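# Descriptive structure summary
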Amino acid sequence: MAKNSRKNIDQRRTEILEMLAQHGEMKLGQIARDLNVSSMTLRRDIWYMQEQQIVNLASGGRVSLREGTRLDPDIYNRKAQNHLEKIAIAALAATLVSDGEVIGLDASTSALELSYHLQGKKNLTVVTNNLLIPPILSTNPTINIISAGGAVRSKALSTVGEIAEHTIREFLYDKVFISANALHATNGLSDTDMDEIQTKKAFIENTQQLVVLADSSKLGKNALQKCCATERINTLVTDSNAEKQQISAFTNVGVSLKVADL
């Protein structure tokens, strides 16, 4: 697999964590051989995860999980759900981004998918609480990346809490791209994770345009707690599997629709 492939950008990091969870402690050379990557590529991964307080790097190149870190594969299970739809939605959403803008991306897998399509943009400032997005966008030196600090949720590979929310609120966004578990034309955008909901609300507060990325399976559904009212959403990007009545329900309340062909 090519070194700049998606696996080497994000999934490789999860593979490293899985290996550490299984073996307890490993040396850098062993990990590099098992993953068939260069030592420099691996060190970048480890330095990044060390900065995010997920792993420890000791003398002699010994790597271990930081105490309290647990790997939960949910993010990759979620990433696999409706993946083709998310790819199409992300590609279409990227056309809404212009060079030089200030962009907010939440911790959703839809925002993660979008980040791949932003790699070719110029002079963006991207603020995110998604720990997988910074290494993806760091391949472009013209993109200024702000990783919102805070409590690291190793299960979701994101940051939450007061510090993350404070960082997010410090910026004035041209556009914010978020997703959630459910989107209903009457009841708005909703989710089940209360910590993530608070970071989404922080993003929403200071943006000129709120863009929701929601595949067709989420439309007409409700989750535990509201993130925002439908009227706050400027644009909804969904896929062509969406039912006509769902499309009409959102356009009737003034939401602009972008529908990605599958």
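Each remark here, short or long, concerns the structure printed above.
What counts as what
Residues numbered from 1 in each chain as written. Predicted model: local features only at pLDDT ≥ 70, side-chain atom pairs only at ≥ 80, totals over all residues. Heavy atoms only, no water. Pairing = 2+ DSSP bridges. Helix = DSSP H or I, 4+ residues; strand = E, 2+ residues; numbered from the N terminus. Axes fitted to C-alpha atoms, helices over the stretch in contact; angles between N-to-C directions. Contact = heavy atoms within 4.5 Å. Polar contact = N/O pair within 3.5 Å; in protein donor to acceptor, adjacent residues only side chain to side chain. Parallel < 35°, antiparallel > 145°, perpendicular 65-115°, else oblique. Left-handed = near helix turned anticlockwise from the far one by under 90°. Buried < 20%, exposed > 50% of the residue type's maximum accessible area, 1.4 Å probe, protein only. Salt bridge = Lys/Arg side-chain N within 4 Å of Asp/Glu carboxyl O.

### Notes on the sheet that holds strand E5 (residues 125-128)
Reading across the sheet, the 7 strands line up as E6-E5-E4-E9-E12-E14-E15 and stay open at both edges, with parallel pairing between neighbours. Two strands bound the open sheet, and with one partner strand each, they are strand E6 (144-147) and strand E15 (256-260). When strand polarity is set aside, the average angle formed by the axes of neighbouring strands in this sheet is 20°. Bridging between strand E4 (residues 102-105) and E5 involves 4 bridges; their strand directions are parallel. Following the sheet pairing, Gly104 is matched in E5 by Val127. Contacts between helix H10 (residues 244-251) and the sheet are confined to strand E14 (235-239) and E15, with E15 contributing the most and set at about 150° to the helix.

### Some details on the side chain of Lys200
Mapped onto the elements, Lys200 comes out in helix H9 (residues 194-205). Separated by 2.7 Å, the side chains of Lys200 and Asp106 make a polar contact. In this structure Lys200 touches Asp106, Ile178, Ser179, Ala180, Asp191 and Cys227, once residues within four positions along its chain are discounted.

### Points about the packing of helix H8 (residues 162-169) against H9
Between H8 and H9, the least distance of the axes is 8 Å, while the angle of their chain directions is 15°. Classified by the angle their axes make, H8 and H9 are roughly parallel. Considering how the two elements wind past one another, H8 and H9 form a crossing that is right-handed. Contacts from Glu165, Ile168 and Arg169 in H8 reach Gln198, Thr199, Ala202, Phe203 and Glu205 in H9.

### Let's talk about the pairing of strand E12 (residues 207-213)
Burial analysis of E12 places 5 of its 7 residues in the buried class, the great majority of the element. Bridge analysis of strand E9 (residues 173-178) against E12 gives 5 bridges, and the strand direction is parallel. When the sheet's bridge partners are listed, Val176 is paired in E12 with Leu210. Pairing analysis gives 3 bridges linking E12 to E14, with the strands arranged parallel.

### Quick look at the pattern of salt bridges
Close approach of charged atoms allows side chains with opposite charge to pair. This model, assessed by the stated rule, comprises 7 salt bridges. Where Glu165 meets Arg169, a salt bridge forms, and the shortest distance between an N and an O atom there is 3.8 Å. Here Arg169 and Glu165 lie together in helix H8, a separation of 4 residues that amounts to about one turn. Residue Arg169 is classed as partly exposed on the basis of its relative accessible area of 30%. A salt bridge links Glu205 to Arg169; its shortest N-O distance comes to 2.9 Å. Within this pair, whereas Glu205 is found in helix H9, its partner Arg169 is found in helix H8, the two being separated by 36 residues in sequence. Classification of Glu205 by relative accessible area gives partly exposed; the value is 48%.

### Describing unusual backbone geometry
You will see that Asn36, though not glycine, has its phi angle at about 60°, which is positive. Structurally, the position occupied by Asn36 is in the loop between helix H2 (28-35) and helix H3 (39-51). Positive phi, normally seen in glycine, also occurs at Asn123, with a value near 60°. Summarising the element assignment, Asn123 is placed in the loop between helix H6 (109-117) and E5.

### Considering H6
Because an α-helix packs 3.6 residues into every turn, residues spaced three or four apart end up facing the same way. Most of H6 sits out of view: 8 of its 9 residues are buried. Buried within H6 we find Thr109, Ser110, Ala111, Leu112, Glu113, Leu114, Ser115 and Tyr116.

### Regarding the sheet that holds strand E2 (residues 55-58)
The strands making up a sheet associate through backbone hydrogen bonding, with each pair oriented either parallel or antiparallel. Spatially, the 3 strands line up as an open sheet ordered E1-E3-E2, and their pairing is antiparallel. Either end of the sheet is taken by a strand with one partner, and the two such strands are strand E1 (25-27) and E2. Adjacent strand axes in the sheet meet at a mean angle of 25° when their direction is disregarded. As paired strands, E1 and strand E3 (residues 62-65) are joined by 3 bridges and run antiparallel to one another. If you follow Lys27 over to E3, its bridge partner there is Arg62.

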